[in-house]
Amino acid sequence: MKKIYLDYAATTPVDKRVLEEMKPYFSEKYGNASSLHSLGTEAKRALEEAREKVASVIKANPKEIIFTSSGTESNNTALKGVAFANRDKGKHIITTPIEHDCVLNSARWLKKQGFDVDFIPVDKYGLVDLEKLEELIRKDTILISVMHANNEIGTIEPIKEIGKIAKEHDVYFHTDAAQSYGKIDIDVKKMNIDLITANAHKIYGPKGVGALFIREGVKIDPLLHGGGHEFGLRSSTENVAGIVGFGKAAEIAKKEMRGESERLIKLRNTLIENILKIDDCWLNGHPDKRLPNNANFSFRFIEGESLVMYLDMQGICASTGSACSSKSLEPSHVLTAIGLKPEEAHGSLRLTTGRFTTKEDIDYVIEVLPNVVKNLRKLSPLK
Ligand SMILES: *Cc1c(COP(=O)(O)O)cnc(C)c1O
């Protein structure tokens, strides 16, 4: 059976153009970028070219980009690195209840180390309350971390406004852009952002490669100490092939962003319009301040897990909650933060489209989903 992949928020396939660019860096151009000989300098050049491409997507200076192993590592570095390097200034950190687990758990860990953490309340769409944010800022606040776009419900946060507030109060501002980098416009200067997390596998690059933008002058400690790679902020021999892939993926994303975004918005709107015709179902997240490729629904009287299994039997790969949390029985922390009751959160379905999604794929889902929902409800003990 043909697979219809609608889980692009969890990960994306590596684009063939990216794979071709990476191939030579495994067995032919395999030098260590720190070596002085020609194989080394060739690797170094590839690394720096990739850094320029990754920086250019967010209008940053290449010197302000460090490569990491993942979005998770970039977020850990941003939170823990800034916290420890700025301990003399203060111990207060502000974030949101809808962040990815790697931000939330870094914040929780910092709390155990003696830092204070406050959470900005969000409304029913998942948008942060800017007035509350200003109220939460203290003299000893050192960092505000608010994600750009939410991975579950797709809501896009007002990061330009948050950047302005952070700057006025002389507090560092970090944003986790793993879902938005290369998909919607980001300008680090215009938006007053000090740190940005991105990764390759959400934009058709390889898994296990991330980047952290660190504005020049930001005080930050490394997580990994060693030979001083990546400006001393992330030691370890660089994953040259992976980074080259990230560079190519970033270049393609930048070039195709506008047209692709328009195409995806059309597909998303068709999907939303038609799925909402099903009884006892609603859209989670903001109606238009949302990622071009995200649709998230709740269906009453249904378990999201069963829905995902039944859709899989029809060839459709979807998700309930986030990929990481769907193995646990806890309802999604994002859906409960926007006010859903646990049973409503359990009945959620996330459909995320991408570069290889076609109109036919969407039509097929619109045809199949209402029947799957109907059949599951017939079996449902919840009804
Ligand atoms: C995927 C994702 C991460 C984690 O990135 P990895 O590279 O998979 O570690 C962090 N934040 C958000 C918003 C994500 O979507």
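Each remark here, short or long, concerns the structure printed above.
Below is a short write-up of the structure.

Calculation notes
- Residues take numbers from 1 onward in each chain, read along the sequence in its written order.
- Two thresholds apply to this predicted model, a pLDDT of at least 70 for residue-level local features and 80 or more for giving and counting side-chain atom pairs, whereas whole-chain, interface and lining totals are computed over all residues.
- Hydrogens and waters are ignored; side-chain quantities use all the structure's heavy atoms.
- By definition, two strands form a pair when at least two bridges between them are found by DSSP.
- Comment: elements are numbered from the N terminus, with helices defined as DSSP H or I runs of at least four residues and strands as E runs of at least two.
- For helices, the fitted line uses only the C-alpha atoms of the stretch in contact; every axis is such a line through C-alpha atoms, and the angle between N-to-C directions lies from 0 to 180 degrees.
- Here the expected span of a helix is defined as 1.5 Å times the quantity of residues minus one.
- We define the bend at any residue as the angle between the axes fitted to the seven residues before and including it, ending there, and the seven starting there.
- For this description, a residue counts as near a given molecule or strand if any of its non-hydrogen atoms is within 4 Å of it.
- N or O atoms within 3.5 Å of each other form a polar contact, as long as, within protein, one can give a hydrogen and the other can take it, and as long as residues adjacent in sequence are counted only when both atoms are side-chain atoms.
- Classification used: nonpolar for Ala, Val, Leu, Ile, Met, Phe, Trp, Tyr, Cys and Pro, charged for Asp, Glu, Lys and Arg, polar for all others including Gly.
- By definition in this entry, angles of less than 35 degrees are roughly parallel, angles greater than 145 are roughly antiparallel, angles of 65 to 115 are roughly perpendicular, and the rest are oblique.
- Left-handed describes a crossing whose near helix is turned anticlockwise from the far helix through less than a right angle; right-handed describes the clockwise counterpart.
- Between two residues, a contact is recorded if the distance between any of their heavy atoms is within 4.5 Å.
- Remark: nonpolar core denotes a set of buried residues (Ala, Val, Leu, Ile, Met, Phe, Trp, Tyr, Cys) joined through side-chain atoms within 4.5 Å.
- For every residue, the accessible area (1.4 Å probe, protein chains only) is compared with the maximum for its type, and the residue is labelled buried under 20%, exposed over 50%, or partly exposed between those bounds.
- By convention here, the domain bounds are inherited from an automatic or database domain assignment.

## As for the sheet that holds strand E7 (residues 195–199)
Here is step 1 of the chain: Overall, mixed pairing links the 7 strands, which are arranged E2-E8-E7-E6-E5-E3-E4 in an open sheet. The open sheet terminates on both sides in strands that have one partner only, identified here as strand E2 (65–68) and strand E4 (116–119). In this sheet, adjacent strand axes meet at a mean angle of 20° when their direction is disregarded.
Here is step 2 of the chain: Pairing analysis gives 3 bridges linking strand E5 (residues 141–145) to strand E6 (residues 172–176), with the strands arranged parallel.

## Here we look at helix H8 (residues 240–275)
Here is step 1 of the chain: The end-to-end C-alpha distance of H8, which contains 36 residues, comes to just 43 Å, noticeably less than the 52 Å that a straight helix rising 1.5 Å per residue would cover.
Here is step 2 of the chain: Where H8 bends most, the angle comes to about 65°, and this point is Met257.

## A few points about the site of the ligand
Here is step 1 of the chain: The local shell around the ligand holds 14 residues, among which Thr72, Asp176, Gln179, Asn199 and Lys202 are the closest.
Here is step 2 of the chain: Within the backbone of Gly71, an N or O atom sits 2.8 Å from an oxygen atom of the ligand.
Here is step 3 of the chain: For the ligand, an oxygen atom lies 2.6 Å from a polar atom in the side chain of Thr72.
Here is step 4 of the chain: A breakdown of the residues in the shell around the ligand according to their chemical character gives 3 nonpolar, 9 polar and 2 charged.

## Focus: the packing of helix H9 (residues 304–313) against helix H12 (residues 359–379)
Here is step 1 of the chain: At a minimum axis distance of 10 Å, the contact between H9 and H12 shows a crossing angle of 130°. With respect to H12, the axis of H9 lies oblique. In this structure, H9 meets H12 at a crossing whose hand is right-handed. Between H9, through Ser306, Leu307, Tyr310 and Leu311, and H12, the contact on the second element is made entirely by Val368, Leu369, Val372, Val373, Leu376 and Leu379.
Here is step 2 of the chain: Per-class residue counts for the contact of H9 with H12 are 9 nonpolar, 1 polar and no charged.

## Some words on the nonpolar core
Here is step 1 of the chain: Grouped together as the largest cluster of nonpolar side chains are 58 residues, with contacts concentrated most on Ile58, Phe67, Ile144, Tyr181 and Phe246.
Here is step 2 of the chain: Considering each element in turn, this core owes the most residues, 8 residues, to H8.
Here is step 3 of the chain: In terms of domain composition, this core takes at least three residues from each of domain 1 (4–12 + 257–379) and domain 2 (16–252).
Here is step 4 of the chain: Here Ile58 is in contact with Ile65, Tyr181, Ile186, Asp187, Val188, Ile196 and Phe213, once residues within four sequence places are set aside.
Here is step 5 of the chain: One finds Leu267, Leu311, Ile316 and Leu369 within the second-largest nonpolar core, a separate group that totals 29 residues.

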